[in-house]
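Residue-level listing of the chains:
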Amino acid sequence: MDKITTDCPYPGCFFCVMKEGNPSKRRASVLKFFRELPLQDDDGQVLPISGLWNTAMAHSNDPEFIELGIFECMTSLIGKGLKNRRWLAHDQNIYIPYYAAHVIGSYTMNMEEFAESAVRAGVIPPLVELLRGRLTWVEQRVAVRALGHLATYARTFPSIASHGEILELSIQLAMSSLEIVYSHFYQLFDRRLGYHCDLLTRGMGGVEMESRKAEEWASQLQCWSLQLINCFAFKPDFLPTICKPEFLVKLPGMWGGLVNENSPAGIGLLRTICHHKLGRGPVASCPGIIEALCNIARSSDDWQYMAVDCLLWLLQDPSTCHKVIDKAVPALVDLAEIATLGDHKKLGDSIVNVLQECIQSPGTGRSSISSRTKELIEEVLNSNQRLKWEKDMSKEDLHIKQAAALVVKLEGNSLFSSGNITGAALKYSEALALCPMRSRKERVVLYSNRAQCHLLLQQPLAAISDATRALCLHSPLNRHAKSLWRRSQAYDMLGLAKESLLDAIMFINECSQSNDPDLSLRQNKVPDYAERLVRKQMRAAWLFREAAIEHGGVRSEGITDNMRGQESDDSEWETASESDIGNDRRDEMGDEDDDDDDNGSEWKDDDGGRKDKHGKPSLKGMKHGYKLQLEEDES
């Protein structure tokens with residue numbers, strides 16, 4: 001805190017009060033300050049409020065200011081800003097409701113007793129007014145944050161729930177937040193409110209900084225709205241309000257976690273909804289949701305287990321199983337050999353058990369299951385049986401099977417090199433049938449190789465399936481670089497920009513972070529073709545893309561226009577496989593003959609050159625987009 005001179009022009013200044021050495025006198029002065037501040041119309045009030053905000057962020061668990069009446073003070077200040085527009089427009093008072101709501105949210109995010117004190121102080125009604133949009137979207141953002149913290153606790157949730165409009169307002173805000181920020185700030189380069197720009201950049205300035213921070217805050221506005229709705233979703237009484245088709249269908253696309261990595265985003269709310277029987281019916285009946293859940297379940301993201309949980313609960317419910325089984329089974333079959341995913345132990349076994357119940361239980365509507373779905377489930381069950389049989393086989397017999405699989409795989413590599421892609425795919429399938437189930441590393445290579453064949457044969461769905469299986473078998477999970485890259489290309493073929501983006505970034509991270517000394521001089525530099533794909537998908541998955549299309553800022557058929565001061569890069573990006581085939585017909589697969597180290601292959605740039613670890617920096621963290629890590633947003 002800056003040193004305060006003895007000739008401070010503000011009698012009773014908060015900063016002077018805090019310099020008081022006698023604790024008893026200081027507490028008395030702070031108590032008086034909190035009581036009198038809302039009654040004053042002097043200039044300079046925003047300075048102590050800003051100081052209180054800094055204190056709340058740094059010491060959110062300190063009870064002193066709570067006991068001295070900070071919640072009552074903040075409540076009165078928000079009310080004053082809502083009622084007295086003349087005062088709000090004077091000096092820098094326009095900042096005060098924002099800081100006041102932020103202080104409430106910061107002091108209530110960890111401590112239930114603080115939340116109870118806030119409710120008793122009457123914070124909810126003025127926060128609801130901000131949530132309605134009585135001021136601007138910036139105040140809505142901190143209001144929904146504070147209300148979300150209050151709704152988290154068992155003892156304060158009833159007070160939030162008693163204001164019935166909070167849930168409806170939060171749902172509307174979650175759906176419209178990106179549109180609101182785009183149309184009320186992002187698009188208005190020449191007419192932005194100055195205090196919004198200052199708040200977003202904290203003095204750093206610059207249009208680019210404002211724009212990036214606006215994207216982060218828009219994401220937070222949506223994520224914090226979802227967090228508040230999620231508190232209601234745990235109570236079955238509120239599910240009919242939440243489970244409206246127009247809202248549910250948007251949830252899988254609410255991907256704020258690109259910026260707020262701790263947010264479960266829309267998939268987290270869907271998981272809460274699917275946990276209840278009352279929620280599963282509407283989810284199963286909503287077109288597009290199951291397909292989106294399958295894409296997320298196959299992803300390499302932290303949200304993967306949430307989508308898997310949703311699909312398993314839907315399949316275990318007799319009232320929804322028959323509605324989703326044909327769409328859900330292909331994704332779950334690809335994941336059936338996952339060992340552990342986060343806190344989920346033996347997840348693959350759980351998936352197999354659920355699939356077995358689906359085909360054996362008469363209550364699931366077996367007659368409505370397609371023949372293809374039955375084949376896929378039988379394939380998983382047979383593989384499971386193979387694994388059990390192999391436990392009784394001698395090591396010699398297992399080595400013979402492994403050697404036979406290797407011979408067939410080499411035949412596949414030879415066919416691939418000669419240009420017979422279809423023949424190569426068949427050989428890899430034959431090798432997979434021979435290869436022992438416990439030979440996970442060898443099977444990673446075979447699945448990944450077959451995924452490459454499917455890519456070249458323009459079969460993206462099959463490529464996604466094989467790449468996913470390889471990633472599930474790999475140790476560590478979801479970290480096989482080649483499979484990530486191949487699946488990223490396959491997603492790109494299908495126009496799934498976000499899914500392609502995640503895999504491309506994960507692929508770049510794997511290339512950049514290898515500790516293998518044999519790879520240190522050739523694989524640690526970011527491949528140019530991967531960077532180009534990431535740039536392409538970041539434009540396609542841009543947070544404001546739909547809002548910009550609505551307002552004519554993006555060409556709906558493809559790339560974003562120059563809305564952010566960027567030039568569109570419409571050039572074709574060259575895939576690793578295309579580049580390698582052009583320079584050396586062996587492709588990457590020719591390097592995968594060494595089953596002891598599948599990652600030993602080279603990643604070539606467009607000129608066939610090798611990569612250097614001292615080249616371009618790692619893009620680790622790109623998944624989280626434009627995060628600038630300002631202190632105020634750590635909640």
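Conventions and cut-offs
- Note that residues are indexed from 1 along each chain, following the sequence as it is written.
- Per-residue local features are limited, in this predicted model, to residues with pLDDT of at least 70; the limit for side-chain atom pairs, both in listing and counting, is 80 or more; totals at the level of whole chains, interfaces and linings are taken over all residues.
- Here the side-chain values reflect all heavy atoms present in the structure, with hydrogen atoms and water set aside.
- A run of H or I in DSSP becomes a helix once it reaches four residues, and a run of E becomes a strand once it reaches two; helices and strands are each numbered from the N terminus.
- Whether a residue is buried, partly exposed or exposed follows from its accessible area with a 1.4 Å probe, protein chains only, as a fraction of its type maximum: under 20%, in between, or over 50%, in that order.
- In this analysis, two residues are considered to be in contact whenever any of their non-hydrogen atoms come within 4.5 Å of each other.
- Along the chain, pLDDT gives the predictor's confidence residue by residue, from 0 to 100.
- In this analysis an axis means a line fitted to C-alpha atoms, helices contributing only their contacting stretch, and an angle means the value between N-to-C directions, from 0 to 180 degrees.
- Throughout this description, any angle smaller than 35 degrees is read as roughly parallel, any larger than 145 degrees as roughly antiparallel, any in the 65 to 115 degree range as roughly perpendicular, and the remainder as oblique.
- Left-handed describes a crossing whose near helix is turned anticlockwise from the far helix by less than a right angle; the clockwise case is right-handed.
- Under the convention adopted here, Pro, Cys and the residues Ala, Val, Leu, Ile, Met, Phe, Trp and Tyr are nonpolar, Asp, Glu, Lys and Arg are charged, and Gly plus all remaining residues are polar.
- Given a helix with a known number of residues, its expected span is that number minus one, times 1.5 Å.
- Side-chain rings of Phe, Tyr and Trp, where Trp is taken by its six-membered ring, are said to pair if the distance between their centres is within 6.5 Å; with planes under 30 degrees apart they count as stacked, over 60 as edge-to-face, and otherwise as tilted.
- Here, over-ring charges are defined by two tests on the NZ atom of lysine or the CZ atom of arginine: distance to the ring centre within 6 Å, and angle to the ring normal within 35 degrees.
- Just to be clear on terms, a salt bridge is a Lys or Arg side-chain nitrogen sitting within 4 Å of an Asp or Glu carboxyl oxygen.
- Nonpolar side chains (Val, Leu, Ile, Met, Phe, Trp, Tyr) within 5 Å and like charges within 9 Å form the patches, drawn only from residues with over 30% relative accessible area and no salt bridge.
- Each accessible area is a Shrake-Rupley estimate made with a 1.4 Å probe; only the visible protein chains count as cover when residues are assessed.

With an unreviewed UniProt entry as reference, the chain is termed ARM repeat N-terminal plant domain-containing protein, source organism Erythroxylum novogranatense.

A.B. asks: Just checking my understanding: could you explain the overall build of the chain for this structure?
C.D. replies: A count of helical and extended segments in the chain gives 32 helices and 2 strands. Going through the 635 residues of the chain one by one, you find that 55% of them count as buried. Sequence-distant contacts in the chain: of pairs separated by 6 or more residues, those separated by 24 or more amount to 71%.

A.B. asks: Is there a simple way to think about the confidence of the model for the chain in this case?
C.D. replies: The predicted coordinates should not be examined in detail at positions where pLDDT is low. When pLDDT is averaged across the chain, the result is 82; 80% of the residues are at 70 or more. Note that residues 1-5 has pLDDT below 50 and, in this model, 4 contacts with residues that lie over four places away or in other chains. Low confidence marks residues 556-635, where pLDDT is under 50. Its contacts with residues over four positions away, or in another chain, come to 221 contacts.

A.B. asks: Before we go on, may I ask you to explain the packing of helix α5 (residues 70-83) against helix α7 (residues 96-107) in this structure?
C.D. replies: Each pair of packed helices can be summarised by the angle the axes make with each other and by the distance between the axes. The interhelical angle for the contact between α5 and α7, taken along N-to-C directions, is 150 degrees, at an axis separation of 9 Å. Classified by the angle between their axes, α5 and α7 sit roughly antiparallel to one another. In the crossing of α5 with α7, the sense of the turn from one axis to the other is left-handed. For the pair α5 and α7, the contacting residues are Ile 70, Phe 71, Met 74, Leu 77, Ile 78 and Gly 81 in the first and Ile 96, Pro 97, Ala 100, Ala 101, Val 103, Ile 104 and Tyr 107 in the second. Looking at the contact of α5 with α7, its residues break down into 12 nonpolar, 1 polar and no charged.

A.B. asks: Explanation requested: helix α8 (residues 112-120) in the structure shown.
C.D. replies: Along an α-helix, a turn takes 3.6 residues, which lines up residues three or four apart on a common side. Within α8, the full set of buried residues consists of Glu 112, Phe 114, Ala 115, Ser 117 and Ala 118. For α8, the elements touching its buried residues are α4 (64-68), α5, α7 and α10 (137-152).

A.B. asks: Whenever I open this one, helix α24 (residues 395-417) confuses me. Can you help?
C.D. replies: For α24, which comprises 23 residues, the first-to-last C-alpha distance of 33 Å matches the rise-based estimate of 33 Å (1.5 Å per residue) to within 8%. Within the sequence span of α24, burial applies to Leu 398, Ala 405, Val 408, Lys 409, Gly 412, Asn 413 and Phe 416. Gly 419 sits one or two positions beyond α24 and adopts a positive phi of about 95 degrees.

A.B. asks: It is not clear to me how the packing of helix α26 (residues 440-456) against helix α27 (residues 460-473) should be interpreted in this structure. Could you clarify?
C.D. replies: In contact at an axis separation of 8 Å, α26 and α27 are set at 160 degrees when each is read in the N-to-C sense. In terms of orientation, α26 and α27 fall into the roughly antiparallel class. The handedness of the crossing between α26 and α27 is left-handed. For the pair α26 and α27, the contacting residues are Arg 440, Arg 443, Val 444, Tyr 447, Ser 448, Arg 450, Ala 451, His 454 and Leu 455 in the first and Ala 462, Ala 463, Asp 466, Ala 467, Arg 469, Ala 470, Cys 472 and Leu 473 in the second. Taken together, the residues of the contact of α26 with α27 sort by class into 10 nonpolar, 2 polar and 5 charged.

A.B. asks: What is the right way to look at unusual backbone geometry in this model?
C.D. replies: Here the bond from Ser 475 into Pro 476 is cis, since omega is 5 degrees, no more than 30 degrees from zero. Looking at where Pro 476 falls in the secondary structure, it is placed in the loop between α27 and α28 (481-493). Unlike most non-glycine residues, Gln 458 shows phi in positive territory, near 60 degrees. Classification of Gln 458 by relative accessible area gives exposed; the value is 58%.

A.B. asks: Would you explain the packing of aromatic side chains in this entry?
C.D. replies: In this description, an aromatic ring pair is defined by two values, namely the gap between the centres and the angle between the planes. For the structure on display, the rule yields 21 aromatic pairs. Summarising the aromatic geometry, the rings of Phe 232 and Phe 238 are spaced 5.0 Å apart at their centres and angled 85 degrees between planes, so their arrangement reads as edge-to-face. Taking the relative accessible area as the measure of exposure, Phe 238 reaches 21% and is therefore partly exposed. Between Trp 542 and Phe 544, the ring centres sit 6.0 Å apart and the planes meet at 80 degrees, which makes this aromatic pair edge-to-face. An aromatic cluster is built from Trp 53, Tyr 95, Tyr 98, Tyr 99, Trp 137, Phe 185 and Trp 217, whose rings are joined through pairwise contacts. The ring of Trp 217 carries Arg 141 above its face, with NZ or CZ at 3.7 Å from the centroid. The ring of Trp 224 is capped by Arg 145, whose NZ or CZ atom sits 5.8 Å from the centre of that ring.

A.B. asks: Help me understand the pattern of salt bridges, please; the structure alone is not making it clear to me.
C.D. replies: Close approach of charged atoms allows side chains of opposite charge to pair. A complete count under the given rule lists 25 salt bridges for this structure. Between Glu 112 and Arg 155 there is a salt bridge, with the nearest N and O atoms lying 3.7 Å from each other. Of this pair, Glu 112 sits in helix α8 while Arg 155 sits in the loop between α10 and α11 (157-161), and the two are 43 residues apart along the sequence. The partner of Lys 277 in a salt bridge is Asp 317, and the shortest N-O contact between them spans 3.0 Å. Of this pair, Lys 277 sits in helix α18 (residues 277-284) while Asp 317 sits in the loop between α20 (304-316) and α21 (318-334), placing them 40 residues apart in sequence. Here Asp 317 falls in the buried class, since its relative accessible area comes to 3%. Each of Arg 26, Arg 27, Glu 64 and Glu 67 takes part in one network of salt bridges that share partners.

A.B. asks: Is there a simple way to think about a nonpolar patch on the surface in this case?
C.D. replies: Taken together, the side chains of Leu 461, Met 493 and Leu 494 define a hydrophobic patch exposed on the protein surface, amounting to about 280 Å² of accessible area. Note that Leu 461 resides in helix α27. Of the residues examined, Leu 461 reaches a relative accessible area of 62% and is grouped as exposed.

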